[in-house]
Amino acid sequence: MAVAKLNNANDCYAASSYASQGFGYSNDTLYVPLTYKNVSVVLVYRHPSTASGTLKSDADLSFRITSAAYADLFEIEGVGIGSGGKLWFSTNRRTKAGDTAHDGVHYFNGFKAA
């Protein structure tokens, strides 16, 4: 997997093509995964409970994830924050069309929700 920091949601190429399936919420922070082919983006929104109007993603925490091992599909379906602030995520992953043997639940080493 390759992880890259996003400066904002505009860093998502073809943003209108991305699909959103789920989200996570913890400590007044919203985590929204978006997926297009084998690229997943997690946008992080701070303090949605007190927001009014348009909410902008946090430039310091939003990131993009790609996977060369699952070039046909790497799709983050949902995210959650576990004990110790660990970011967990569930995926659909395929090496080729029809592959159903690689879905999983994972977490990032070193990520801590602040």
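Residues numbered from 1 in each chain as written. Predicted model: local features only at pLDDT ≥ 70, side-chain atom pairs only at ≥ 80, totals over all residues. Heavy atoms only, no water.

Overview of unusual backbone geometry
Among all residues save glycine, negative phi is the norm, and among peptide bonds the norm is trans. Even without glycine at this site, Asn 27 takes up a positive phi of about 50°. For Asn 27, the location among the structural elements is in the loop between strand E3 (24–26) and strand E4 (29–36). Given a relative accessible area of 70%, Asn 27 falls into the exposed group. (Helix = DSSP H or I, 4+ residues; strand = E, 2+ residues; numbered from the N terminus. Buried < 20%, exposed > 50% of the residue type's maximum accessible area, 1.4 Å probe, protein only.)

A short note on the pairing of strand E9 (residues 104–107)
On a regular strand, each side chain points to the face opposite its neighbour's, so the side chains alternate between the two faces of the sheet. Alternating positions in E9 separate cleanly, Gly 104 and His 106 being buried on one face and Val 105 and Tyr 107 remaining unburied on the opposite face. Direction of pairing for strand E8 (residues 87–94) relative to E9: antiparallel, over a ladder of four bridges. Pairing of Phe 89 across the sheet is with His 106, part of E9. (Pairing = 2+ DSSP bridges.)

Overview of the confidence of the model for the protein chain
With 84% of its residues at a pLDDT of 70 or more, the protein chain has an overall mean of 81. Within the protein chain, no element has a lower average pLDDT than strand E1 (residues 2–5), which sits at 46, and none a higher one than E3, at 91. Contacts for the low-pLDDT stretch residues 1–5, under 50 throughout, to residues beyond four places or in other chains number 19 contacts. (pLDDT = per-residue confidence, 0-100. Contact = heavy atoms within 4.5 Å.)

A word on the pairing of E4
Most of E4 sits inside the fold, with seven of its eight residues counted as buried. The pairing of strand E2 (residues 19–20) with E4 spans two bridges and is antiparallel. The residue bridging Ala 19 from the neighbouring strand is Thr 35, located in E4. Relative to E4, E3 is paired through three bridges, and the arrangement is antiparallel. Bridged to Tyr 25 within E4 is Leu 30. Counting the residues in the hairpin turn of E3 and E4 gives two residues, including Asn 27, whose phi is positive at 50°. Pairing geometry for E4 and strand E5 (residues 39–46), over eight bridges, is antiparallel. Following the sheet pairing, Thr 35 is matched in E5 by Ser 40.

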